[in-house]
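The lines below spell out each chain.
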Amino acid sequence: MKFQELSLAAPLQKALVRMQYETLTPIQESVIPRLLQGESLIAQSMTGSGKTLAYALPILQHITFDSLYPQALILVPTRELAQQVTQTLDALGLFLHTHHQMLVGKQSFAFQREDMKQRTHVLVATPGRLLQHIHEGTVHLECLSMLVLDEADEMFRLGFRSTLDKILAQLPAGLQCACFSATFPSTIRRYLSERFPFAQFLEQQEQE
Ligand code: ADP
Ligand code: MG
């Protein structure tokens, strides 16, 4: 399937052409149409399969410009991954003019607090720093409509489980969600299916 076949906003199609993406990877074929329709999912997917575009495109397609507060939250285990995801969002959102804000550790909390006063469409965060912003009241989560958990197994391995629980407790009910993990040990499978019972489970896709 080609990206042109997806009913995406023209500024997104233009960005895809500029980034030289033509054909969807298997995980993108499986995930993008479902997320565009508003479905929630839990997907098994290896590193390098193209997960970032799989959730970033539907997120940006659904952004509205009438709200000052973030509409999507992407939780990732590490700062490096947050940077990669933010770069992809910046490239994809170039012609839509969306704003993406990164909230990660080892950076000035005060600067992030100031940044959060600007219009933000998408938040990309590591769990620890996001929870700190929630406690300080410096982040608005009431307009969220979409949640992504990227590399859930890695988040568990790094000990973010209880932090994740505290964050999930602060999010609006009924969020569309997309959870990704390379592996699904029973602990993670149970955790995600209990918290997102409405999400469809997608097994590992065949690689090309
Ligand atoms: P994952 O998060 O699953 O590890 P990424 O989203 O980081 O994978 O993508 C891995 C690499 O594949 C990146 O360099 C990205 O630019 C590239 N990529 C993603 N989707 C496509 C596509 N449809 N066509 C060609 N390259 C792609
Ligand atoms: Mg990734």
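Rules used in this analysis
Residues numbered from 1 in each chain as written. Chains lettered and ligands numbered in written order. Predicted model: local features only at pLDDT ≥ 70, side-chain atom pairs only at ≥ 80, totals over all residues. Helix = DSSP H or I, 4+ residues; strand = E, 2+ residues; numbered from the N terminus. Rg over C-alpha atoms; globule rule 2.2 N^0.38 Å. Buried ≥ 20, exposed ≤ 12 C-beta atoms within 10 Å, placed from the backbone. Contact = placed C-beta atoms within 7 Å. UniProt positions renumbered as here; feature names shortened; annotations may be inferred. pLDDT = per-residue confidence, 0-100. Near = placed C-beta within 6 Å. Nonpolar A, V, L, I, M, F, W, Y, C, P; charged D, E, K, R; others polar. Pairing = 2+ DSSP bridges.

Caption draft 1: A look at the overall build of the protein chain. Along its length, the protein chain carries 9 helices and 7 strands. Against the compact-globule benchmark of 17 Å for 208 residues, the protein chain has a radius of gyration of 16 Å, which places it among compact chains. Seen through its principal axes, the protein chain has C-alpha atoms that stretch 45 × 40 × 30 Å. Here the protein chain holds 208 residues, and the buried ones make up 37% of them. Residue pairs at least 24 apart in sequence account for 75% of intrachain contacts in the protein chain once pairs closer than 6 positions are excluded.

Caption draft 2: View of the UniProt feature "short sequence motif: Q motif" (unreviewed entry) in the protein chain. Taken from the UniProt record, the annotation "short sequence motif: Q motif" (unreviewed entry) applies to residues 1-29. Here residues 1-29 runs as 45% helix and 0% strand, with 7 Å between its end C-alpha atoms.

Caption draft 3: Inspection of the confidence of the model for the protein chain at higher detail. When pLDDT is averaged along the protein chain, the result is 95; 98% of the residues meet or exceed 70. The complex model carries a pTM of 0.97, and its ipTM stands at 0.98.

Caption draft 4: Local environment of the site of ligand 1. Taken together, 13 residues lie near ligand 1, and T47, S49, G50, K51 and T52 sit nearest. Among the elements that make up the shell around ligand 1, the one with the highest residue count is helix α3 (residues 51-61) (3 residues). For the shell around ligand 1, the per-class residue count stands at 3 nonpolar, 9 polar and 1 charged.

Caption draft 5: Region of interest: the pairing of strand β1 (residues 41-44). Examined bridge by bridge, β1 and strand β6 (residues 176-181) share 4 bridges and lie parallel to one another. Opposite I42, over in β6, you have C179 as the bridge partner. Bridge count between β1 and strand β7 (residues 200-202): 3 bridges; the pairing is parallel. Of the residues in β7, the one forming a bridge with I42 is F201.

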